[in-house]
Amino acid sequence: GEFRHPQAVEALSAAVARTDVSAEARLHVVQALGTIGHISADPALTVAMGDSDASVRAAAVAQWLEIRDQQGAAPVVALIDDADALVRRQAAAVAGGLREASARTALEAQLGDSDAVVRRNAAWALGRIGDSASRSALEAAMNDASGLVRKTAKVALGQLR
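Predicted model, so just to flag it, every value in this text is computed and none were measured.

Criteria and thresholds
Residues numbered from 1 in each chain as written. Predicted model: local features only at pLDDT ≥ 70, side-chain atom pairs only at ≥ 80, totals over all residues. Heavy atoms only, no water. Axes fitted to C-alpha atoms, helices over the stretch in contact; angles between N-to-C directions. Helix = DSSP H or I, 4+ residues; strand = E, 2+ residues; numbered from the N terminus. Parallel < 35°, antiparallel > 145°, perpendicular 65-115°, else oblique. Contact = heavy atoms within 4.5 Å. Nonpolar A, V, L, I, M, F, W, Y, C, P; charged D, E, K, R; others polar. Salt bridge = Lys/Arg side-chain N within 4 Å of Asp/Glu carboxyl O. Buried < 20%, exposed > 50% of the residue type's maximum accessible area, 1.4 Å probe, protein only. Core = buried A, V, L, I, M, F, W, Y, C linked by side-chain atoms within 4.5 Å.

Caption draft 1: Molecular detail of the packing of helix α2 (residues 23-36) against helix α4 (residues 54-64). The contact between α2 and α4 brings their axes to 9 Å, and the two run at 0°. Judged by the angle between their axes, α2 and α4 are roughly parallel. Packed against α2, whose contacting residues are Ala 23, Arg 26, Leu 27, Val 30, Gln 31, Gly 34 and Thr 35, the element α4 presents Ser 55, Val 56, Ala 59, Ala 60 and Gln 63 at the interface. Taken together, the residues of the contact of α2 with α4 break down into six nonpolar, five polar and one charged.

What follows is the structure, encoded as structure tokens:
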């Protein structure tokens, strides 16, 4: 990955799906794919989003943003309700960063997550998406126990169309 050569994507992609390598090795492969940043890495990152190890899934979501000319975050949407809070945090942030409209319903559901950072990222992402259909969900988030979530929801409400 350090040389950022797209020809390495094929070999790295094959390594992502291997079950005979450690989670740490798969994690480094995912990071290398993000470092290369070539759109041809999307299928491999999508595979990594289904990995049994949460750190690999979280890295795959994070690296999705590193891909040049990335057009959307549809594969990330399924991870917005992942069992792992770090994965949920990353997925909400990436969905918002790429303004993935298909994530709206999942993000609204995450406004009730047990993790305050997930709730904050979901509110931020809904603001970035900007769909006025999220108004009532964001208004409810204005009563969140976390001041960070309340402030983010207030800003997000101002971004709705």
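Here the narrative resumes.
Caption draft 2: Here's a closer look at the pattern of salt bridges. Applying the stated rule across the entire model yields eight salt bridges. The salt bridge partner of Arg 89 is Asp 115, with a shortest N-O separation of 2.8 Å. Placement of Arg 89 in helix α6 (residues 85-97) and of Asp 115 in the loop between α7 (104-110) and α8 (116-129) is noted, with a sequence separation of 26 residues between them. Residue Asp 115 is classed as buried on the basis of its relative accessible area, which comes to 15%. Connected through salt bridges with shared partners, the residues Arg 104, Glu 108 and Asp 131 form a single ionic network.

Caption draft 3: Seen up close, the environment of Arg 4. Within the element layout of this structure, Arg 4 appears in the segment before α1 (9-16). Once the C-alpha coordinates of Arg 4 and Gly 37 are considered, the two residues, 33 residues apart in sequence, prove to be 7.4 Å apart. When neighbours within four sequence positions are excluded, Arg 4 is seen to be in contact with Thr 35 and Ile 36.

Caption draft 4: Expanded view of the nonpolar core. In terms of nonpolar packing, the biggest core is built from 49 residues, with Val 30, Leu 33, Val 76, Leu 107, Leu 111 and Leu 138 touching the most fellow members. Ranked by residues supplied to this core, first place goes to α4 with seven residues. Here Leu 107 is in contact with Ile 80, Ala 92, Ala 95, Ala 122, Ala 125, Leu 126 and Ile 129, once residues within four sequence places are set aside.

Function cannot be read off these values alone, since they describe shape.
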